[in-house]
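Coordinate analysis (summary)
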Amino acid sequence: MKGIAPRVSQILETSLYVADLERSQTFYGRVFGFTAFMMDDRMCAMEVPGEQVLLLFRHGATDQPAPGPDGGFIPPHHGHGALHLAFAIPYGELATWQDHLAAEGIGVESRLGWPHGGTSLYFRDPDGHSLEVATPGLWPNR
């Protein structure tokens, strides 16, 4: 029966695929303050404020199904190339972010002002993924 889709409340987790889990865990901990609450040789799960999780998977570690805790399995998945993630920041913290990135030796690749009033800073992680921090006003609903 077609109808209204069941409700979704937010994106719970998202993932990036990395060459070196420890290097990436250190980068995301240092630059964003994210805390790892699970790490093994396959993946690292990091807490992102707002009840979200960033999953860092070692390249090739997700090519096969992985066993789940209840006897089921996690289907294979992977991403190739430079992927993109954007993180929301408070409007008044853009300059603080610029200073923080400079202090960490991370170059800002681009700065964009958006029609709804938001501003984005783009930079790269150690694997070349495109990261963005954006103030409110990037999208009409945010």
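The structure under discussion appears in the preceding block.
From a predicted model like this one, the values you see are computed outputs, not experimental measurements.

Remarks on the nonpolar core
Within soluble globular proteins, side chains that are nonpolar generally end up buried alongside one another. Y28, F32, L54 and L56 are the most contacted members of the largest nonpolar core, which has 24 residues in total. Secondary-structure elements contributing two or more residues to this core are β1 (13-18), α1 (21-32), β3 (43-48), β4 (52-58), β7 (84-88), α2 (94-103), β9 (119-124) and β10 (130-134). Counting residues per element, this core draws most heavily on α1, which supplies five residues. Contact partners of L54, with chain neighbours within four places excluded, come to T14, L16, Y28, F34, C44, A45, M46, V48 and L85. Judged by nonpolar contacts, the second largest core, of six residues, contains Y17, A45, V53 and F57.

Quick notes on the sheet that holds β9
Taken in spatial order, the four strands of this open sheet run β7-β10-β9-β8, and their pairing is mixed. Looking along the sheet, the strands with just one partner apiece sit at the ends: β7 and β8 (110-113). Neighbouring strand axes in the sheet, compared pairwise and without regard to direction, differ in orientation by 20° on average. Of the strand pairs in this sheet, β8 and β9 are connected by four bridges, and their pairing is antiparallel. Bridge pairing in β9 places R111 opposite L121. Its contacts with the sheet place α1 against β7, β9 and β10, and it is angled at close to 20° to β10. Strands in contact with α2 are β8, β9 and β10; relative to β9, the strand with the most contacts, it is inclined by about 15°.

Regarding the layout of surface pockets
Volume-wise, the largest pocket comes out at about 850 Å³. Together, 28 residues line the largest pocket, and Q52, A86, F87, A88 and R142 are the ones closest to its centre. By residue number, the principal contributor to the lining of the largest pocket is β7, which donates five residues. By residue class, the composition of the lining of the largest pocket is 19 nonpolar, six polar and three charged.

Definitions and limits used
Residues numbered from 1 in each chain as written. Predicted model: local features only at pLDDT ≥ 70, side-chain atom pairs only at ≥ 80, totals over all residues. Heavy atoms only, no water. Core = buried A, V, L, I, M, F, W, Y, C linked by side-chain atoms within 4.5 Å. Buried < 20%, exposed > 50% of the residue type's maximum accessible area, 1.4 Å probe, protein only. Helix = DSSP H or I, 4+ residues; strand = E, 2+ residues; numbered from the N terminus. Contact = heavy atoms within 4.5 Å. Pairing = 2+ DSSP bridges. Axes fitted to C-alpha atoms, helices over the stretch in contact; angles between N-to-C directions. 1 Å grid on protein atoms, 1.4 Å probe; cavity = no way out; pocket = protein on both sides within 12 Å on 5 of 7 lines; lining within 4 Å. Points joined across faces, edges and corners; volume = space filled by probe spheres on them. Nonpolar A, V, L, I, M, F, W, Y, C, P; charged D, E, K, R; others polar.

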